[in-house]
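Fold and geometry: a report
Listed below, chain by chain, are the residues.
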Amino acid sequence: MLLRKREIELSELAESIADYYCPDGIVDPEKIADSIGITYSYGDYGNAFDGLIEQEAGKFHIFINIKNNSSNHVRSRFTFAHELGHYFIDEHRHALLNGKTPSHPSFTNFSSKNPVELEADHFASSLLLPENRIKKDCIKKPFNFKLIETLSAKYQTSITATVLKLMTIDKHPIMLVCSVNGRIKWFKYSHDFPFKWLKKPAGITPKFTLAGTYFSNKEKFEEELPLTANEWFENVRDSEIERPFFEKCIYADKHSFVLSIIWEK
Ligand SMILES: [Zn+2]
């Protein structure tokens, strides 16, 4: 997790770039690259990376791997924005220019714990979903999955990227939990989320949650459903056991993957 101060810094940097190069309509990473003279190519690069930025003699080139997502425009946009982050974030660009990291492969799966990757991911979601624009879209709207879907369609971003950005704008405390095969792969929460500990045993998707239900009997839920704090969280005070939350799941059967979006009622 990035420090709040750093998150704000990166968000402001990304937003200023979005506003400068793409003041109207959708933010287009290709247009930004063209404007600053970064070249790019899309190709099948096997499983080596989703995106890569290289520097040679001060010239930068971005590679976007379309092997697994030739039809996934949304994913390529995020990967592209992430690689732009490695250019626009001063420390990342200097490292590339100094040859400290001649190039490094990046993956668009949000599971990295490497701070450099976390920074580029946060930059990417802030570039594609500029804070002031989405704040305007959120005014007087209740927080629910419909809002997330509307924003993700409008800004051409994945549900995950959209939630990750919403987590940082203080609209509503949110938690995201990614489970694979009944085990928790990663989780993230907004700084103001009221609970920080997931239910024990550690690393196992809690049984009586929507995600847990999918792993025990493959049952899926289209809609967001209410649950109580003690179903997902550990160390819940007696008075808060019944504190109401919502959970909405996104399923990917092929990989036995479930993304849970959890927010307070
Ligand atoms: Zn990266």
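Structure first, text after, so check above.
Residues numbered from 1 in each chain as written. Predicted model: local features only at pLDDT ≥ 70, side-chain atom pairs only at ≥ 80, totals over all residues. Heavy atoms only, no water.

Some details on unusual backbone geometry
Along the chain, Lys 200 connects to Pro 201 via a cis peptide bond; the corresponding omega equals 0 degrees. Structurally, Pro 201 can be placed in the loop between strand E5 (183–189) and helix H9 (210–217). With phi around 50 degrees, Ala 57 is a residue other than glycine that occupies positive phi space. Here Ala 57 shows up in the loop between strand E2 (51–56) and strand E3 (59–65). In this structure, Gln 156 takes a positive phi of about 50 degrees despite not being glycine. Relative to the helices and strands, Gln 156 is located in the loop between helix H7 (145–155) and helix H8 (159–166). (Helix = DSSP H or I, 4+ residues; strand = E, 2+ residues; numbered from the N terminus.)

Brief notes about the packing of helix H2 (residues 29–36) against helix H3 (residues 73–88)
Following both chains from N to C, one finds H2 and H3 inclined at 35 degrees, their axes separated by 9 Å at the closest point. The two elements H2 and H3 cross, and the hand of that crossing is left-handed. Counting all contacts with H2, which are made through Pro 29, Glu 30, Ile 32, Ala 33 and Ile 36, the residues of H3 involved are Arg 77, Phe 80, Ala 81, Leu 84, Tyr 87 and Phe 88. Here the residues of the contact of H2 with H3 are counted per class, giving 9 nonpolar, no polar and 2 charged. (Axes fitted to C-alpha atoms, helices over the stretch in contact; angles between N-to-C directions. Left-handed = near helix turned anticlockwise from the far one by under 90°. Contact = heavy atoms within 4.5 Å. Nonpolar A, V, L, I, M, F, W, Y, C, P; charged D, E, K, R; others polar.)

A few points about the side chain of Thr 228
Residue placement: Thr 228 occurs in strand E6 (residues 225–228). Among the polar contacts made by the side chain of Thr 228, one reaches the side chain of Asn 230 at a distance of 2.8 Å. Not counting the four nearest positions on each side in its chain, Thr 228 is found in contact with Ile 241, Glu 242 and Arg 243. (Polar contact = N/O pair within 3.5 Å; in protein donor to acceptor, adjacent residues only side chain to side chain.)

Focus on the coordination of the zinc ion
At 2.0 to 2.5 Å from the zinc ion lie its protein donor atoms, namely His 82 (NE2), His 86 (NE2), Ser 106 (OG), Glu 117 (OE) and Glu 117 (OE). For the zinc ion, the single-chain donor residues occur in sequence as H-x3-H-x19-S-x10-E. You can see His 86 sitting in helix H3 and its partner Ser 106 sitting in the loop between helix H4 (90–97) and helix H5 (115–128), a full 20 residues away along the chain. (Donors = N, O, S within 2.8 Å, 3.2 Å for Na, K, Ca; no water.)

Things to note about the packing of aromatic side chains
According to the stated counting rule, one finds 21 aromatic pairs in the structure shown. Plain terms: the ring middles of Tyr 45 and Phe 49 are 5.3 Å apart, the flat faces sit at 25 degrees to each other, and that makes the pair stacked. Under the relative-accessibility criterion, Phe 49 is labelled buried at 9%. Here the aromatic cluster, defined as three or more aromatic residues joined through ring pairs, consists of Phe 60, Tyr 87, Phe 88 and Phe 123. One cation-aromatic arrangement involves Arg 93 over Tyr 87; the distance from NZ or CZ to the ring centre is 5.6 Å. Across from the ring centre of Phe 145, 4.8 Å away, lies the NZ or CZ of Lys 248, which sits over that ring. (Phe/Tyr/Trp six-rings, centres within 6.5 Å; stacked < 30°, edge-to-face > 60°. Buried < 20%, exposed > 50% of the residue type's maximum accessible area, 1.4 Å probe, protein only. Lys NZ or Arg CZ within 6 Å of the ring centre and 35° of its normal.)

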